[in-house]
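# Coordinate inspection notes
Residue-level listing of the chains:
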Amino acid sequence: MIGYKNVMEEIVIALVTMSINGPDYQTFCKCEKCKNDIIALSLNNLPSHYITSEEGRKMVYEKLNTPENRKWINKRIITAIHVVGKYPKHD
Ligand SMILES: [Zn+2]
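Below is a summary of the structure that appears in this document. Just so you know, these numbers come straight off a predicted model, no measurement behind them.

Across its 20 residues, helix 4 (residues 67-86) extends 28 Å between first and last C-alpha, which sits within 8% of the 28 Å expected from 1.5 Å per residue. All buried positions along helix 4 are accounted for by Asn69, Ile73, Ile77, Ala80, Ile81 and Val84. Looking down the long axis of helix 4, one finds its buried residues gathered within 105° of arc, a one-sided arrangement. In this structure, helix 4 carries Pro67, Glu68, Lys71, Lys75 and Lys86 as exposed residues pointing more than 90 degrees from its buried face. Against the buried residues of helix 4 lie helix 1 (7-20), helix 2 (32-44) and helix 3 (54-64).

Below, the structure written as structure tokens:
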């Protein structure tokens, strides 16, 4: 049972995890709070793509997960990483 799901969210989580663990962002905080803030901020600046079935998920995932699409999605993620890095909401 899949209910409904935003495929963009799935893609953003994967790309954010990859980016913050990559060599470009070694100096950035990787705590759960910062990671969640980066994901939320990125998703606020990206269109949502909701699906209600596994076939739909596969179709939209393949459509979104192309090199050109990953490029502009990553652009928003990089912006979010820098905003959160500059203004972390730590306790
Ligand atoms: Zn942090």
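Okay, the nonpolar core next. Core analysis: the largest hydrophobic core is formed by 21 residues, its most contacted members being Met8, Val12, Val16, Ile38, Ile73 and Ile77. Elements that contribute at least two residues to this core include exactly helix 1, helix 2, helix 3 and helix 4. The element best represented in this core is helix 1, accounting for seven residues. Aside from chain neighbours lying at most four places away, what touches Ile73 is Met8, Ile11, Val12, Leu15, Leu46 and Leu64.

Put simply, helix 1 and helix 2 touch, their axes get as near as 10 Å, and they point 135° apart. As far as their axial angle goes, helix 2 and helix 1 are oblique. Relative to helix 2, helix 1 is oriented so that their crossing is right-handed. Contacts between helix 1 and helix 2 involve Met8, Glu9, Val12, Ile13, Val16, Thr17 and Ile20 from the former and Lys35, Ile38, Ile39, Ser42 and Leu43 from the latter.

Now for the side chain of Lys35. If you trace the backbone, Lys35 turns up in helix 2. One buried charged residue, Lys35, remains without a salt bridge, the closest side chain of opposite sign being Glu32 at 5.3 Å. Setting aside its immediate chain neighbours within four residues, Lys35 contacts Val16, Thr17 and Ile20.

Our next topic: the packing of helix 1 against helix 4. Helix 4 packs onto helix 1 with a crossing angle of 60° between their chain directions and a minimal axis gap of 10 Å. One finds that helix 1 runs oblique with respect to helix 4. Helix 4 is crossed by helix 1, and the crossing has right-handed handedness. Judged by residue contacts, Met8, Ile11, Val12, Leu15, Val16, Ser19 and Ile20 of helix 1 engage Arg70, Trp72, Ile73, Asn74, Ile77 and Ile81 from helix 4. For the contact of helix 1 with helix 4, the class distribution of residues is ten nonpolar, two polar and one charged.

So, how was this worked out
- All residue numbers here refer to positions counted from 1 along the written sequence of the relevant chain.
- Local features in this predicted model are restricted to residues whose pLDDT is 70 or higher, and side-chain atom pairs enter the listing and the counts only when it is 80 or higher, whereas totals over whole chains, interfaces and linings include all residues.
- Side-chain numbers here rest on the full set of heavy atoms in the structure, without hydrogens or water.
- Numbered from the N terminus, helices here are DSSP runs of H or I no shorter than four residues, and strands are runs of E no shorter than two.
- To estimate the expected span of a helix, subtract one from its residue number and multiply by 1.5 Å.
- We call a residue buried when its accessible area falls under 20% of the maximum for its residue type, exposed when it is over 50%, and partly exposed in between, using a 1.4 Å probe and counting protein chains only.
- To obtain the arc, one takes the directions from the helix axis to the C-beta atoms.
- The contact rule is simple, with two residues in contact once any of their heavy atoms fall within 4.5 Å.
- Note on terminology: a nonpolar core comprises buried Ala, Val, Leu, Ile, Met, Phe, Trp, Tyr and Cys residues joined through side-chain atoms within 4.5 Å.
- Angles here are taken between N-to-C directions and fall from 0 to 180 degrees, while the axes themselves are lines fitted to C-alpha atoms, restricted in helices to the stretch in contact.
- Should an angle lie under 35 degrees it is considered roughly parallel, over 145 roughly antiparallel, and from 65 to 115 roughly perpendicular; all remaining angles are considered oblique.
- Here is the rule for handedness: rotate from the far helix to the near one, and if that takes an anticlockwise turn smaller than a right angle the crossing is left-handed, while a clockwise turn gives right-handed.
- Counting rule applied: Lys, Arg positive; Asp, Glu negative; His and chain ends not counted.
- The rule for a salt bridge is simple: a side-chain nitrogen of Lys or Arg has to be within 4 Å of a carboxyl oxygen of Asp or Glu.
- Three classes are used: nonpolar for Ala, Val, Leu, Ile, Met, Phe, Trp, Tyr, Cys and Pro, charged for Asp, Glu, Lys and Arg, and polar for all others, with Gly counted as polar.

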